[in-house]
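One letter stands for each residue in the lines below.
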Amino acid sequence: MRTDNGGVGGTNGTEAELSDSLKTFGAVLKALREESGLTQEEFALRVRYSAAYVAKIEQGKRFPPADLPSRAEEVLGAVAVKVLTAAAKSLTRRAGLASWFRQWAGVEEEAISLYAYECRAVPGLLQPEEYARAVFARQLPPYTEEQIDHKVAARLERQTLVTERPNTAFTFIIEQAILERGVGGASVTGAVIDHLLNMGDRTNVEIQIMPLHQQDHCGVDGQLYMAETPGHQWFGYTEGHRSSSLIADPGEVSVLHQRYGKLRSQALDCRATVNLLERMRGAL
(Lines give C-alpha, C1' and ligand atoms only; values in the text may rest on other atoms or scores of the structure.)
Protein backbone atom coordinates (compact mmCIF):
# COMPACT_ATOMS: atom_id res chain seq x y z
CA MET A 1 0.00 0.00 0.00
CA ARG A 2 1.27 3.44 -0.92
CA THR A 3 2.72 5.62 1.83
CA ASP A 4 3.54 9.31 1.99
CA ASN A 5 6.84 8.59 3.73
CA GLY A 6 5.70 10.82 6.56
CA GLY A 7 8.66 9.83 8.67
CA VAL A 8 11.25 11.05 6.22
CA GLY A 9 11.04 11.76 2.58
CA GLY A 10 8.58 12.39 -0.18
CA THR A 11 4.89 12.05 -0.88
CA ASN A 12 2.92 12.11 -4.08
CA GLY A 13 0.84 15.04 -5.24
CA THR A 14 -2.48 13.67 -3.98
CA GLU A 15 -1.44 14.19 -0.35
CA ALA A 16 -2.82 17.72 -0.45
CA GLU A 17 -6.22 16.59 -1.65
CA LEU A 18 -8.92 15.99 0.93
CA SER A 19 -11.04 13.09 -0.26
CA ASP A 20 -14.76 13.76 -0.44
CA SER A 21 -15.44 10.71 1.71
CA LEU A 22 -13.15 11.92 4.49
CA LYS A 23 -14.78 15.35 4.44
CA THR A 24 -18.20 13.72 4.51
CA PHE A 25 -17.25 11.58 7.51
CA GLY A 26 -15.91 14.66 9.28
CA ALA A 27 -19.13 16.55 8.60
CA VAL A 28 -21.18 13.65 9.96
CA LEU A 29 -19.09 13.50 13.12
CA LYS A 30 -19.37 17.25 13.61
CA ALA A 31 -23.15 17.18 13.15
CA LEU A 32 -23.58 14.33 15.65
CA ARG A 33 -21.31 16.05 18.15
CA GLU A 34 -23.16 19.35 17.87
CA GLU A 35 -26.51 17.55 18.13
CA SER A 36 -25.30 16.21 21.48
CA GLY A 37 -24.50 19.74 22.58
CA LEU A 38 -20.75 19.13 22.91
CA THR A 39 -17.83 21.31 21.93
CA GLN A 40 -14.84 19.71 20.25
CA GLU A 41 -12.95 19.96 23.53
CA GLU A 42 -15.73 18.27 25.52
CA PHE A 43 -16.17 15.50 22.96
CA ALA A 44 -12.41 14.94 22.70
CA LEU A 45 -12.10 14.59 26.47
CA ARG A 46 -14.89 12.00 26.62
CA VAL A 47 -13.54 9.86 23.76
CA ARG A 48 -9.95 10.22 25.00
CA TYR A 49 -8.50 12.01 21.97
CA SER A 50 -6.99 15.47 21.78
CA ALA A 51 -9.19 18.34 20.61
CA ALA A 52 -6.71 19.03 17.79
CA TYR A 53 -7.03 15.45 16.57
CA VAL A 54 -10.84 15.59 16.64
CA ALA A 55 -10.70 18.89 14.74
CA LYS A 56 -8.57 17.35 12.00
CA ILE A 57 -10.95 14.39 11.67
CA GLU A 58 -13.91 16.74 11.36
CA GLN A 59 -12.02 18.75 8.73
CA GLY A 60 -11.27 15.59 6.71
CA LYS A 61 -7.53 15.90 7.31
CA ARG A 62 -7.10 12.68 9.25
CA PHE A 63 -8.35 9.17 8.62
CA PRO A 64 -10.50 8.29 11.66
CA PRO A 65 -9.20 5.53 13.95
CA ALA A 66 -11.07 2.25 13.82
CA ASP A 67 -12.18 2.46 17.45
CA LEU A 68 -13.73 5.94 17.19
CA PRO A 69 -17.36 4.68 16.89
CA SER A 70 -17.00 2.39 19.91
CA ARG A 71 -15.44 5.16 21.99
CA ALA A 72 -18.21 7.53 20.97
CA GLU A 73 -21.14 5.25 21.84
CA GLU A 74 -21.52 6.38 25.44
CA VAL A 75 -21.09 9.99 24.36
CA LEU A 76 -23.35 10.20 21.31
CA GLY A 77 -25.76 7.33 21.89
CA ALA A 78 -26.44 4.07 20.06
CA VAL A 79 -28.37 5.57 17.13
CA ALA A 80 -25.73 8.20 16.43
CA VAL A 81 -23.01 5.57 16.57
CA LYS A 82 -24.85 3.49 13.95
CA VAL A 83 -24.79 6.54 11.68
CA LEU A 84 -21.12 7.12 12.43
CA THR A 85 -20.28 3.46 11.78
CA ALA A 86 -22.10 3.56 8.45
CA ALA A 87 -20.21 6.70 7.49
CA ALA A 88 -16.93 5.01 8.41
CA LYS A 89 -17.75 2.02 6.18
CA SER A 90 -18.41 4.35 3.26
CA LEU A 91 -14.95 5.87 3.39
CA THR A 92 -12.88 5.42 0.26
CA ARG A 93 -9.14 5.64 -0.11
CA ARG A 94 -7.98 7.15 -3.38
CA ALA A 95 -4.89 5.76 -5.03
CA GLY A 96 -1.92 7.45 -3.40
CA LEU A 97 -3.83 8.56 -0.28
CA ALA A 98 -1.17 7.23 2.09
CA SER A 99 -3.66 5.41 4.29
CA TRP A 100 -1.02 3.68 6.38
CA PHE A 101 0.65 6.94 7.25
CA ARG A 102 -2.68 8.58 8.05
CA GLN A 103 -3.23 5.84 10.62
CA TRP A 104 0.29 6.27 11.97
CA ALA A 105 -0.14 10.06 12.06
CA GLY A 106 -3.16 9.55 14.32
CA VAL A 107 -1.13 7.30 16.63
CA GLU A 108 1.74 9.77 16.56
CA GLU A 109 -0.48 12.71 17.51
CA GLU A 110 -1.82 10.91 20.58
CA ALA A 111 1.46 9.28 21.65
CA ILE A 112 2.78 9.67 25.17
CA SER A 113 6.09 8.11 24.08
CA LEU A 114 7.56 8.12 20.60
CA TYR A 115 10.76 6.35 19.51
CA ALA A 116 12.47 6.73 16.14
CA TYR A 117 15.55 5.14 14.58
CA GLU A 118 16.57 6.57 11.21
CA CYS A 119 19.26 5.38 8.81
CA ARG A 120 17.92 7.09 5.67
CA ALA A 121 17.33 10.77 6.44
CA VAL A 122 16.75 13.09 9.38
CA PRO A 123 13.40 12.16 11.00
CA GLY A 124 10.55 14.28 9.67
CA LEU A 125 9.80 15.66 13.14
CA LEU A 126 13.35 17.06 13.32
CA GLN A 127 13.84 18.46 9.81
CA PRO A 128 14.48 22.21 9.57
CA GLU A 129 12.85 23.92 6.61
CA GLU A 130 16.04 24.02 4.54
CA TYR A 131 16.56 20.28 4.86
CA ALA A 132 12.92 19.38 4.21
CA ARG A 133 12.99 21.49 1.06
CA ALA A 134 16.21 19.82 -0.09
CA VAL A 135 14.73 16.35 0.47
CA PHE A 136 11.54 17.08 -1.45
CA ALA A 137 13.46 18.80 -4.27
CA ARG A 138 15.37 15.56 -4.90
CA GLN A 139 12.38 13.23 -5.16
CA LEU A 140 11.64 11.28 -8.32
CA PRO A 141 9.37 11.78 -10.17
CA PRO A 142 10.15 15.46 -9.50
CA TYR A 143 7.72 17.82 -7.81
CA THR A 144 6.76 21.30 -8.95
CA GLU A 145 7.79 24.27 -6.83
CA GLU A 146 4.19 24.63 -5.69
CA GLN A 147 4.08 20.99 -4.57
CA ILE A 148 7.37 21.38 -2.73
CA ASP A 149 6.09 24.48 -0.93
CA HIS A 150 2.96 22.62 0.17
CA LYS A 151 4.87 19.59 1.40
CA VAL A 152 7.38 21.68 3.32
CA ALA A 153 4.54 23.61 4.99
CA ALA A 154 2.79 20.35 5.91
CA ARG A 155 5.98 18.94 7.40
CA LEU A 156 6.62 22.02 9.49
CA GLU A 157 3.02 21.96 10.73
CA ARG A 158 3.42 18.34 11.79
CA GLN A 159 6.50 19.24 13.81
CA THR A 160 4.39 21.29 16.21
CA LEU A 161 3.69 17.94 17.92
CA VAL A 162 7.04 18.23 19.66
CA THR A 163 6.37 21.68 21.08
CA GLU A 164 2.64 21.26 21.72
CA ARG A 165 3.03 17.97 23.62
CA PRO A 166 5.65 18.72 26.30
CA ASN A 167 4.59 15.64 28.29
CA THR A 168 5.31 13.29 25.39
CA ALA A 169 8.77 11.72 25.50
CA PHE A 170 10.45 11.87 22.07
CA THR A 171 13.55 9.74 21.55
CA PHE A 172 15.52 9.76 18.28
CA ILE A 173 18.48 7.68 17.14
CA ILE A 174 20.05 9.04 13.94
CA GLU A 175 22.89 7.53 11.94
CA GLN A 176 25.91 9.82 11.68
CA ALA A 177 26.13 8.87 8.00
CA ILE A 178 22.92 10.85 7.36
CA LEU A 179 24.66 14.07 8.41
CA GLU A 180 27.93 13.18 6.70
CA ARG A 181 26.02 12.75 3.42
CA GLY A 182 25.50 16.51 3.25
CA VAL A 183 22.13 16.60 1.49
CA GLY A 184 21.59 20.14 0.17
CA GLY A 185 25.17 21.23 0.82
CA ALA A 186 27.14 22.55 3.79
CA SER A 187 24.71 25.33 4.67
CA VAL A 188 21.79 22.90 4.89
CA THR A 189 23.85 20.45 6.95
CA GLY A 190 24.76 23.28 9.28
CA ALA A 191 21.10 24.19 9.67
CA VAL A 192 20.30 20.54 10.47
CA ILE A 193 23.00 20.32 13.13
CA ASP A 194 21.93 23.61 14.72
CA HIS A 195 18.33 22.42 14.76
CA LEU A 196 19.25 19.08 16.33
CA LEU A 197 21.25 20.86 19.04
CA ASN A 198 18.34 23.20 19.78
CA MET A 199 15.76 20.41 19.84
CA GLY A 200 17.98 18.29 22.05
CA ASP A 201 17.81 21.02 24.70
CA ARG A 202 14.09 20.39 25.15
CA THR A 203 13.22 18.39 28.28
CA ASN A 204 10.95 16.03 26.31
CA VAL A 205 13.46 15.27 23.54
CA GLU A 206 16.46 12.94 23.54
CA ILE A 207 18.69 12.70 20.48
CA GLN A 208 21.43 10.10 20.06
CA ILE A 209 23.80 9.72 17.13
CA MET A 210 24.83 6.26 15.97
CA PRO A 211 28.53 6.65 15.12
CA LEU A 212 29.91 5.76 11.71
CA HIS A 213 32.04 2.99 13.16
CA GLN A 214 30.04 0.67 15.39
CA GLN A 215 30.78 -3.04 15.08
CA ASP A 216 27.86 -3.99 17.35
CA HIS A 217 24.87 -2.67 15.46
CA CYS A 218 21.41 -4.27 15.46
CA GLY A 219 19.75 -1.82 13.07
CA VAL A 220 20.62 -3.65 9.87
CA ASP A 221 16.95 -4.29 9.04
CA GLY A 222 16.37 -0.56 8.58
CA GLN A 223 14.52 2.31 10.21
CA LEU A 224 11.79 1.82 12.77
CA TYR A 225 9.29 3.95 14.68
CA MET A 226 7.38 3.08 17.83
CA ALA A 227 4.66 4.91 19.76
CA GLU A 228 2.82 4.37 23.03
CA THR A 229 -0.83 5.46 23.17
CA PRO A 230 -2.54 7.02 26.21
CA GLY A 231 -4.03 3.55 26.81
CA HIS A 232 -0.45 2.18 27.00
CA GLN A 233 -0.72 0.20 23.79
CA TRP A 234 2.39 0.17 21.62
CA PHE A 235 2.48 0.36 17.83
CA GLY A 236 5.35 0.06 15.40
CA TYR A 237 5.77 1.63 11.99
CA THR A 238 8.24 0.91 9.18
CA GLU A 239 8.65 2.26 5.67
CA GLY A 240 10.23 1.24 2.39
CA HIS A 241 10.11 2.37 -1.21
CA ARG A 242 6.44 3.13 -1.93
CA SER A 243 5.30 0.90 0.92
CA SER A 244 4.81 0.94 4.68
CA SER A 245 3.50 -1.12 7.60
CA LEU A 246 1.66 -0.25 10.78
CA ILE A 247 2.50 -2.96 13.33
CA ALA A 248 0.08 -3.75 16.15
CA ASP A 249 0.77 -7.43 16.91
CA PRO A 250 2.22 -7.53 20.46
CA GLY A 251 4.80 -10.17 19.53
CA GLU A 252 6.11 -8.15 16.60
CA VAL A 253 6.09 -4.94 18.63
CA SER A 254 8.08 -6.75 21.33
CA VAL A 255 10.78 -7.53 18.74
CA LEU A 256 10.98 -3.86 17.82
CA HIS A 257 11.24 -2.94 21.51
CA GLN A 258 14.19 -5.29 21.95
CA ARG A 259 15.95 -3.90 18.90
CA TYR A 260 15.34 -0.29 19.84
CA GLY A 261 16.64 -0.88 23.36
CA LYS A 262 19.83 -2.38 21.97
CA LEU A 263 20.21 0.48 19.49
CA ARG A 264 20.03 3.00 22.34
CA SER A 265 22.84 1.20 24.12
CA GLN A 266 24.95 1.12 20.94
CA ALA A 267 24.49 4.80 20.02
CA LEU A 268 26.36 7.69 21.61
CA ASP A 269 24.71 9.01 24.76
CA CYS A 270 23.14 12.47 24.69
CA ARG A 271 26.22 14.30 25.98
CA ALA A 272 28.55 12.54 23.56
CA THR A 273 26.06 13.26 20.80
CA VAL A 274 26.19 16.99 21.54
CA ASN A 275 30.01 16.91 21.49
CA LEU A 276 30.01 15.13 18.12
CA LEU A 277 27.46 17.50 16.60
CA GLU A 278 29.44 20.52 17.77
CA ARG A 279 32.63 19.11 16.24
CA MET A 280 30.81 18.42 12.97
CA ARG A 281 29.38 21.93 12.99
CA GLY A 282 32.81 23.43 13.50
CA ALA A 283 34.25 21.41 10.62
CA LEU A 284 31.76 22.69 8.04
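First, a word on what this report is: a plain description of the structure on this page. Quick caveat, the model's predicted, so the values are computed rather than measured.

### Some thoughts on the packing of aromatic side chains
- The final tally for this structure, using the stated rule, is five aromatic pairs.
- Each ring, one from Tyr115 and one from Tyr260, has its centre 4.9 Å from the other, and the planes form 10°; the classification is stacked. Residue Tyr115 is found in strand β1 (residues 113–118), and its partner Tyr260 is found in helix α12 (residues 250–266); the two are separated by 145 residues along the sequence. For the pair shown, Tyr115 and Tyr260 are each scored as buried.
- The residue whose ring lies beneath Lys151 is Tyr143, and the NZ or CZ to ring-centre distance is 4.6 Å.
- Sitting above the plane of the Tyr115 ring, Arg264 keeps its charged end 5.9 Å from the centroid.

### A closer look at the pairing of β1
- Buried residues dominate β1, accounting for six of its six residues.
- Here β1 shows no split at all, with Ser113, Tyr115 and Tyr117 on one side and Leu114, Ala116 and Glu118 on the other all buried.
- Strand direction decides the pairing type here: β1 and strand β2 (residues 169–175), joined by six bridges, are parallel. If you follow Ser113 over to β2, its bridge partner there is Ala169.
- Pairing of β1 with strand β4 (residues 224–228) involves five bridges; the strand directions are antiparallel. Pairing of Tyr115 across the sheet is with Met226, part of β4.

### Side note on empty space enclosed by the protein
- Applying the stated rule across the entire model yields one cavity of 30 Å³ or more.
- Roughly 40 Å³ of internal volume is contained in the largest cavity.
- Tyr131, Ile178, Leu179, Gly182, Val183, Val188, Thr189 and Val192 together form the lining of the largest cavity.
- Listing elements by their share of the lining of the largest cavity, those giving two or more residues are α10 (176–181) and α11 (186–200).
- The greatest single-element share of the lining of the largest cavity, amounting to three residues, is contributed by α11.
- Partitioning the lining of the largest cavity into residue classes produces six nonpolar, two polar and no charged.

### Points about helix α1 (residues 20–35)
- An ideal rise of 1.5 Å per residue puts 22 Å on 16 residues; α1 measures up with 22 Å between its terminal C-alpha atoms.
- Considered for burial, the residues of α1 that qualify are Ser21, Leu22, Phe25, Gly26, Leu29, Leu32 and Arg33. The buried residues of α1 occupy an angular sector of 140° when the element is viewed end-on, so they sit on one face.
- One or two positions beyond α1, positive phi appears at Gly37, with a value near 75°.

### Here we look at the sheet that holds β4
- The strand order across the open sheet built from six strands is β3-β2-β1-β4-β5-β6, with neighbouring strands paired in mixed fashion. Lying at the two open borders of the sheet, with one neighbouring strand each, are β3 (205–210) and β6 (243–247). Taken over all neighbouring pairs, the strand axes of this sheet differ in orientation by 10° on average, direction set aside.
- Pairing analysis gives five bridges linking strand β5 (residues 234–240) to β6, with the strands arranged antiparallel. The residue bridging Gly240 from the neighbouring strand is Ser243, located in β6.

What counts, and where the lines are drawn
Residues numbered from 1 in each chain as written. Predicted model: local features only at pLDDT ≥ 70, side-chain atom pairs only at ≥ 80, totals over all residues. Heavy atoms only, no water. Phe/Tyr/Trp six-rings, centres within 6.5 Å; stacked < 30°, edge-to-face > 60°. Helix = DSSP H or I, 4+ residues; strand = E, 2+ residues; numbered from the N terminus. Buried < 20%, exposed > 50% of the residue type's maximum accessible area, 1.4 Å probe, protein only. Lys NZ or Arg CZ within 6 Å of the ring centre and 35° of its normal. Pairing = 2+ DSSP bridges. 1 Å grid on protein atoms, 1.4 Å probe; cavity = no way out; pocket = protein on both sides within 12 Å on 5 of 7 lines; lining within 4 Å. Points joined across faces, edges and corners; volume = space filled by probe spheres on them. Nonpolar A, V, L, I, M, F, W, Y, C, P; charged D, E, K, R; others polar. Expected span 1.5 Å × (residues − 1). Arc of directions from axis to C-beta. Axes fitted to C-alpha atoms, helices over the stretch in contact; angles between N-to-C directions.

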